[in-house]
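# What the coordinates show
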Amino acid sequence: GDSVTQMEGPVTLSEEAFLTINCTYTATGYPSLFWYVQYPGEGLQLLLKATKADDKGSNKGFEATYRKETTSFHLEKGSVQVSDSAVYFCALSGEGRRALTFGSGTRLQVQP
Amino acid sequence: DGGITQSPKYLFRKEGQNVTLSCEQNLNHDAMYWYRQDPGQGLRLIYYSQIVNDFQKGDIAEGYSVSREKKESFPLTVTSAQKNPTAFYLCASSRTSGRGTDTQYFGPGTRLTVL
C-alpha cells in the first residue's frame, strides 16, 4: 500500500537558518503530494501541494518539488522564523484513494 | 466565513460510554473524512464519505461509527468497543472531482480523553 516516510524530529534551528525536511513516498501511479502544518492544539493547515512530476509547490517562503525519479517531496525554506515552529506533515493522495496517507510528522523548533 | 467546525474542543468520557463528536462544514464539499492522531504519529483514516447517505471504512474503523444524513454534517461516534479511544480527532472535507488532487481542509480537532 501507499506510505510516506519523513525524517524524525525534532529539528532545532536558529532563526534565519536554512530548513530541509525530507519526505519520501511509496505509491503506485502518480499520487498528489502535500505538506501540511500543525500549530500546537490546532488542526492541520495546507502549506503547499504538487500534483504532477516536476511541479514545485510554494507558499510563505516554503518550497517543495515533486521528484518522481527519487520518489521525494522535500520541504525547504531559506530563512526560518520563530513563528515557523510547528509540526510538519508530508502526505499523499494516491490513485483510486481520495483519503490522505500521512507521514509521522516532523517537529520544527526555531530558536531566536 | 467558510470552514469546518468541530465540537467540543475537549471531551472526557468514562470507560464503557459511547460519545459522539460533531463535524460541520459550510464549504459545500461533497467528501468528508475522520482521522485519528496519536502523540508523535501521523494521522490515520477512520471513515470517509463521498456523498450523502454513503460512507466507507478507513484503516482503523473498528470501534467507531458514522452517519452522513446531511451534506454539511458527518458525526463520529466512538463506541465502548474502541479499546484505546484517547486521541486527537480531526475532521476534514474536500470537493470530489474524482481525482486525488483535491485539497482536504481540516477542522480544529477534538481531544478525547477516557477517564
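A brief report on the enclosed structure follows. (Residues numbered from 1 in each chain as written. Chains lettered and ligands numbered in written order. Predicted model: local features only at pLDDT ≥ 70, side-chain atom pairs only at ≥ 80, totals over all residues. Heavy atoms only, no water.)

## Overview of the state of the cysteines
If you walk through the whole model with that rule in mind, you get 2 disulfides over all chains. Residue pairing for C23 of chain A: its cysteine sulfur links by disulfide to C90 of chain A, the two sulfurs lying 2.0 Å apart. Taking the sign of the torsion about the S-S bond as the criterion, the disulfide between C23 of chain A and C90 of chain A, at about -70°, is left-handed. Of this pair, C23 of chain A sits in strand β4 (residues 23–26) while C90 of chain A sits in strand β10 (residues 86–93), and the two are 67 residues apart along the sequence. The class for C23 of chain A is buried, based on a relative accessible area of 1%. Taking relative accessible area as the criterion, C90 of chain A reaches 1% and is therefore assigned buried. Paired through a disulfide, C23 of chain B and C91 of chain B show a sulfur-sulfur distance of 1.9 Å. Classification of the bridge connecting C23 of chain B and C91 of chain B rests on its S-S torsion, roughly -75°, and on that basis the disulfide is left-handed. (Disulfide = S-S within 2.5 Å. Helix = DSSP H or I, 4+ residues; strand = E, 2+ residues; numbered from the N terminus. Buried < 20%, exposed > 50% of the residue type's maximum accessible area, 1.4 Å probe, protein only.)

## Some thoughts on the packing of aromatic side chains
Summed over all chains, the structure comprises 13 aromatic pairs over all chains. Relative to F106 of chain B, the ring of Y36 of chain A lies with its centre 5.3 Å away and its plane at 80°, an arrangement referred to as edge-to-face. Linking Y36 of chain A in strand β5 (residues 32–38) with F106 of chain B in strand β10 (residues 105–106), this pair reaches from one chain into another. For Y36 of chain A, a relative accessible area of 0% puts it in the buried group. Ring geometry for Y33 of chain B versus Y48 of chain B: centroids 6.3 Å apart, planes at 20°, classification stacked. Highlighted residues: Y33 of chain B in strand β4 (residues 31–37) and Y48 of chain B in strand β5 (residues 43–51), separated in sequence by 15 residues. Overall, Y33 of chain B belongs to the buried group, its relative accessible area being 2%. Among the residues examined, Y48 of chain B registers a relative accessible area of 18% and is labelled buried. The rings of F34, Y36, F89 and F102 of chain A together with Y33, Y35, Y48 and F106 of chain B are connected pair by pair, giving a single aromatic cluster. (Phe/Tyr/Trp six-rings, centres within 6.5 Å; stacked < 30°, edge-to-face > 60°.)

## Here we look at the sheet that holds strand β8 (residues 62–65) of chain A
Strands belonging to one sheet form pairs held by backbone hydrogen bonds; the direction of such a pair is parallel or antiparallel. All names here are of chain A. Ordered in space as β3-β9-β8-β7, the 4 strands form an open sheet in which the pairing is antiparallel. A strand with exactly one partner marks an edge of an open sheet, and here the two such strands are β3 (19–21) and β7 (56–59). This sheet shows a mean twist of 15° between the axes of neighbouring strands, independent of strand direction. Pairing geometry for β3 and strand β9 (residues 75–77), over 3 bridges, is antiparallel. By the bridge assignment, I21 is partnered in β9 with L75. (Pairing = 2+ DSSP bridges. Axes fitted to C-alpha atoms, helices over the stretch in contact; angles between N-to-C directions.)

Geometry only, nothing functional implied.
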